[in-house]
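Chain by chain, the residues:
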Amino acid sequence: MIPWEKLAKGKAPDGQVLELRRRGHEYLIYAGGYDLMSSEDDTSSLALSEYGCAHLGGIKKARVLVGGLGMGYTLRAALDQVSESSTVEVAELVSSVVEWNREWLGELAGCPLNDSRTRLLLEDVRKPIRVAKNSYDAILLDVDNGPDALAHKQNDGLYGKRGIDSAYDALKTGGVFGVWSFDDDPGFTRRLEKRGFAVQTHRVSASKKGRGRYHQIWAARKGR
Ligand SMILES: C[S@@+](CC[C@H](N)C(=O)[O-])C[C@H]1O[C@@H](n2cnc3c(N)ncnc32)[C@H](O)[C@@H]1O
């Protein structure tokens, strides 16, 4: 087995240390003592946009928000689903992750940061969600382990009542709140439904190689 090579280290604004590692063709982002994501687990990251942007086909000028960047798969899949005049904003908390995408990871997902429809926001995704009102056609969240946030404690707030209210207000009617999670969370589904979202859940394979691991995607539609 090829050993992991440490390529770079970065720090989030909350002090959390992240590391980029490589083993053969596989890359790993490691944060807070656990594997935040592997480049081999692209399937569920792509599925987040596939389910979260499925309604955007007929929209000429869609506005989508992705949080966070990671290895760029969710951003790539969102770009692939929207028209040429659309905008996909990607909010990333950690500047090193952006640098790693420019230096090492970009090719994994076809260099989505170079797409002219991409707008990079180097900030906590909570900020653009809080500021926007009836603005986004889709908000796609994959910032942590899911509703049971592990890497950054403050991410809990995105999945609680206030976070759900903010996402609801930031979306246009008919817009979709897409959320990735390591596992199912019935309490999160209930909170979404209580706020008025029409919720669909999807259990998706973590990677193309299968390995028997599954992740959870919520596609929650505002209104009609
Ligand atoms: C699991 S990765 C995302 C993987 C991504 N779906 C992909 O396709 O590669 C999580 C990313 O979210 C970032 N992040 C964590 N909390 C955040 C927040 N509150 N706002 C913006 N980005 C955040 C992390 O630094 C990391 O880059």
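Here the structure is a predicted model, which is why all the values come from computation and not from measurement.

J.: Tell me about the overall build of the chain, and please be specific about residues and values.
T.: Helix and strand content of the chain: seven helices and 11 strands. For 224 residues, the compact-globule estimate of 2.2 N^0.38 gives 17 Å, and the chain sits close to it at 16 Å. For the chain, the spread of C-alpha atoms along the principal axes amounts to about 50 × 35 × 35 Å. Burial status across the chain gives 55% buried among its 224 residues. The contacts in the chain between residues at least 6 apart in sequence include a share of 67% that link residues at least 24 apart. If you sum the accessible surface of the chain, you get close to 10,500 Å²; carbon and sulfur atoms cover 48% of it. Mean positive and mean negative side-chain charge positions of the chain (33 and 30 charges, respectively) differ by 5 Å.

J.: Describe the pattern of salt bridges, with residues and values.
T.: Following the criterion strictly, the structure yields 14 salt bridges and no others. Taking the shortest distance from any N to any O, the salt bridge between Arg23 and Glu26 comes out at 3.2 Å. Residue Arg23 is classed as partly exposed on the basis of its relative accessible area of 23%. Residue classification places Glu26 among the buried residues on the basis of a relative accessible area of 10%. Notably, a salt bridge pairs Arg117 with Asp115, separated by 2.9 Å at the nearest N-O pair. Each member of the pair, Arg117 as well as Asp115, carries the same accessibility label: buried. One network of salt bridges, with partners in common, ties together Lys161, Asp165, Asp169 and Arg195.

J.: Tell me about the site of the ligand, and please be specific about residues and values.
T.: As a structural note, the neighbourhood of the ligand is formed by 22 residues, with Met71, Thr74, Glu92, Asp142 and Asn155 the closest of them. One of the side-chain nitrogen or oxygen atoms of Asp142 is found 2.7 Å away from a nitrogen atom of the ligand. Contact with the protein chains covers 99% of the free accessible surface of the ligand, which is 610 Å². When grouped by side-chain class, the residues that make up the shell around the ligand number 11 nonpolar, seven polar and four charged.

J.: Break down the pairing of strand β8 (residues 136–141) for me, citing the residues and quoting the values.
T.: Within β8, six of the six residues are buried, which leaves it mostly tucked inside the rest of the structure. Strand direction decides the pairing type here: strand β5 (residues 63–67) and β8, joined by four bridges, are parallel. Residue pairing across strands places Val64 opposite Ala138, the latter belonging to β8. As paired elements, β8 and strand β9 (residues 171–181) share five bridges and run parallel to each other. In the strand pairing of β9, Ala138 is matched with Val176.

J.: A description of the layout of surface pockets should follow, citing residues and the corresponding values.
T.: The computed volume of the largest pocket comes to approximately 680 Å³. If you go around the largest pocket, you meet 42 residues; those closest to its centre are Leu36, Met37, Asp142, Val143 and Asp144. For the lining of the largest pocket, the secondary-structure elements that each account for two or more residues are β3 (26–31), β4 (34–38), α1 (42–52), β5 and α2 (73–81). Tallying contributions element by element places β4 first for the lining of the largest pocket, with five residues. Of the residues contributing to the lining of the largest pocket, the split by class is 20 nonpolar, 12 polar and 10 charged. Taken as a whole, the second largest pocket holds about 170 Å³ of empty space. In terms of lining, the second largest pocket is formed by Arg126, Ile129, Arg130, Gly157, Leu158, Arg162, Gly163 and Ser166. Of the residues that constitute the lining of the second largest pocket, the class distribution is two nonpolar, three polar and three charged.

Cut-offs and rules
- The residue count restarts for each chain, going from 1 along the sequence in the order it is written.
- Thresholds applied to this predicted model are a pLDDT of at least 70 for local features of residues and 80 or more for the giving and counting of side-chain atom pairs; totals over whole chains, interfaces and linings are not thresholded and use all residues.
- For the side-chain quantities, the full set of heavy atoms in the structure was used; hydrogens and water were omitted.
- Where helices and strands are cited, they refer to DSSP runs of H or I of at least four residues and of E of at least two residues respectively, numbered from the N terminus.
- Within these notes, the globule rule equals 2.2 Å times the number of residues to the 0.38 power, and the radius of gyration is based on C-alpha atoms.
- Buried residues are those whose accessible area, probed at 1.4 Å on protein chains only, stays under 20% of the maximum for their type, while exposed residues exceed 50% and partly exposed ones sit between those limits.
- Between two residues, a contact is recorded if the distance between any of their heavy atoms is within 4.5 Å.
- To be clear on the numbers: accessible area is Shrake-Rupley with a 1.4 Å probe, and residue cover counts the displayed protein chains and nothing else.
- Within this scheme the basic residues Lys and Arg register as positive and the acidic residues Asp and Glu register as negative, but His and the chain ends are omitted.
- Charged groups are reduced to one reference atom each: NZ for lysine, CZ for arginine, CG for aspartic acid, CD for glutamic acid.
- Between Lys or Arg on one side and Asp or Glu on the other, a salt bridge is scored when a side-chain nitrogen of the former is within 4 Å of a carboxyl oxygen of the latter.
- By convention in this text, a residue qualifies as near a molecule or strand provided that one of its non-hydrogen atoms is within 4 Å of it.
- The definition of a polar contact used here is a pair of N or O atoms within 3.5 Å, where within protein one atom must be able to donate a hydrogen and the other to accept one, and adjacent residues in sequence count solely through side-chain atom pairs.
- Gly is put with the polar residues, along with every residue not named as nonpolar or charged; the nonpolar set is Ala, Val, Leu, Ile, Met, Phe, Trp, Tyr, Cys and Pro, and the charged set is Asp, Glu, Lys and Arg.
- Between any two strands, at least two bridges found by DSSP are needed for them to pair.
- The definitions used throughout rest on a 1 Å grid laid over the protein atoms alone, on which a cavity is an enclosed set of points accommodating a 1.4 Å probe that cannot get out and a pocket is an open set flanked by protein within 12 Å on both sides along at least five of seven lines; lining residues are those having an atom within 4 Å of a point.
- Grid points are joined across faces, edges and corners, and a volume is the space filled by probe spheres set on the points.

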